Amino acid sequence: MNELLSFLNSHVSVRQFTDQPIDEDQERLIVTTAQRSPTSSNLQAYTIIGIRNQETKDRLAELCGRQGHIAHSGLFLLFCADLYRLSRLNAEKGYPFTGEYTEPFIVATVDTALAAGRALMAAQAMGLGGVMVGAIRNHPDDVAELLNLPPYTCPIMGMSLGYPATVPKVKPRLPMEAIYCREQYDSGPFAQAIADYDKIIDRLGHLKGREVNAGSYPDFAGDYSWSEHSARRMADLSPTALRPHMKSFLEKQKLKLK
Ligand SMILES: Cc1cc2nc3c(=O)[nH]c(=O)nc-3n(C[C@H](O)[C@H](O)[C@H](O)COP(=O)(O)O)c2cc1C
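Everything numeric in this text was worked out from a predicted model, so none of it was measured.

**Q** Any details on the overall build of the protein? Residues and values, ideally.
**A** When its secondary structure is counted, the protein shows eleven helices and four strands. A compact globule built from 258 residues would reach a C-alpha radius of gyration of about 18 Å, and the protein, at 20 Å, matches this within 12%. Overall size of the protein, expressed as C-alpha extent along the three principal axes, is 60 × 45 × 40 Å. A burial count over the protein gives 38% of its 258 residues as buried. Taking the contacts inside the protein whose residues are at least 6 apart along the sequence as the reference set, 77% of them involve residues at least 24 apart. Of the roughly 15,200 Å² that the protein leaves accessible, carbon and sulfur atoms contribute 53%. Computed over 28 positive and 29 negative side-chain charges, the inter-centroid distance for the protein is 2 Å.

**Q** With reference to specific residues and values, describe the pairing of strand E2 (residues 75-82).
**A** Burial analysis of E2 places eight of its eight residues in the buried class, which makes it a mostly covered element. Here E2 shows a buried face lined by Leu 75, Leu 77, Phe 79 and Ala 81 and a second buried face lined by Phe 76, Leu 78, Cys 80 and Asp 82. When strand E1 (residues 46-51) meets E2, the two strands line up antiparallel, connected through six bridges. Bridging across to E2, Ile 48 finds its partner in Phe 79. In terms of strand pairing, E2 meets strand E4 (residues 153-162) through eight bridges, oriented antiparallel. Across the sheet, Leu 78 pairs through a bridge with Gly 158, a residue of E4.

**Q** Give a description of the nonpolar core that names residues and reports values.
**A** Among the nonpolar cores identified, the biggest contains 49 residues, and Ile 30, Leu 60, Leu 77, Phe 79, Cys 154, Met 159 and Leu 161 are the most heavily contacted of them. It is helix H6 (residues 102-125) that provides the largest number of residues to this core, a total of eight residues. Not counting the four nearest positions on each side in its chain, Cys 154 is found in contact with Phe 79, Cys 80, Ala 81, Phe 105, Met 246, Phe 249, Leu 250 and Leu 255. If you look at the next biggest cluster of nonpolar residues, it comprises five residues, including Tyr 197, Ile 201, Val 212 and Tyr 224.

**Q** Please provide a residue-by-residue account of the site of the ligand, values included.
**A** Inspection of the region around the ligand gives 13 residues, with His 11, Ser 13, Arg 15, Gly 134 and Lys 171 positioned closest. Here an oxygen atom of the ligand sits 2.6 Å away from a polar atom, N or O, in the side chain of His 11. Arg 15 is positioned such that a nitrogen or oxygen atom in its side chain is 2.7 Å from an oxygen atom of the ligand. Starting from 620 Å² of accessible surface for the ligand in isolation, the protein chains cover 66%. With three residues, the single largest contributor to the shell around the ligand is strand E3 (residues 129-133). Across the shell around the ligand, the residue classes tally to five nonpolar, five polar and three charged.

**Q** Which residues make up the side chain of Thr 153, and what values do they have?
**A** Mapped onto the fold, Thr 153 is located in strand E4. Beyond its immediate chain neighbours, meaning those up to four positions away, Thr 153 contacts Ala 81, Asp 82, Tyr 84, Phe 249, Gln 253 and Leu 255.

Rules of the game
Residues numbered from 1 in each chain as written. Predicted model: local features only at pLDDT ≥ 70, side-chain atom pairs only at ≥ 80, totals over all residues. Heavy atoms only, no water. Helix = DSSP H or I, 4+ residues; strand = E, 2+ residues; numbered from the N terminus. Rg over C-alpha atoms; globule rule 2.2 N^0.38 Å. Buried < 20%, exposed > 50% of the residue type's maximum accessible area, 1.4 Å probe, protein only. Contact = heavy atoms within 4.5 Å. Areas by Shrake-Rupley, 256 points an atom, 1.4 Å probe, with all protein chains shown as cover. Lys, Arg positive; Asp, Glu negative; His and termini not counted. Charge placed at Lys NZ, Arg CZ, Asp CG, Glu CD. Pairing = 2+ DSSP bridges. Core = buried A, V, L, I, M, F, W, Y, C linked by side-chain atoms within 4.5 Å. Near = heavy atom within 4 Å. Polar contact = N/O pair within 3.5 Å; in protein donor to acceptor, adjacent residues only side chain to side chain. Nonpolar A, V, L, I, M, F, W, Y, C, P; charged D, E, K, R; others polar.

In structure tokens, the structure reads:
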């Protein structure tokens, strides 16, 4: 495997950081590398907000379910899907604006995620570690108010970055047969691949002590592995899992998904 491929295949999320600061050159290079991501029609429909202020990071950590790595990060990045910049262009030109439709929101969300993925890789390439933070959508109204987000924007994910204090082991993924089909969709191999994966995750103990809603499954007697964890995750109606506020938040942001 060449150097870049082995780098890409060594990804782990890091949640514990030393106090070593991230300098502004690093910050710029992370952001400009993220910008190099492909982007739909070159619209670049995202905005990244870099946060170093301790009070702001502390508040965001609280809003994200007390995730300590946010407060301890050297730099916290917020990735927002952003059609606001484009809405202003259209307003200036007196053109109609389609930002209320579903497809532009998908475009912006995909652009945002692609940029975030590359930002993380850029950080990792300079010896930093980090973790994406979907919990930024736990309280999007508060995040929007705290960070002054305009209409047509939506926080998609955050990212805690810093020098790793501890680096966890690489987490195995599903066998390729569970997520890759040739020529046509074929779910035939999925069950076996998932069963194989369950055994791997079980053996490594990745989900020990992380049972979803243990109290709701008193009769469960099997091995608590990836399939049980994921099924419970997808059955979970709790606000932090389902984030039922997202629909009204998007509407408030004028992202009406028409
Ligand atoms: C969009 C997104 C949101 C995530 N949100 C969180 C989060 O809020 N908190 C957290 O600790 N990890 C979060 N993660 C990290 C995942 O839990 C992690 O990527 C996954 O368990 C696989 O582990 P690995 O990245 O170490 O391979 C998120 C990952 C993604 C892609």
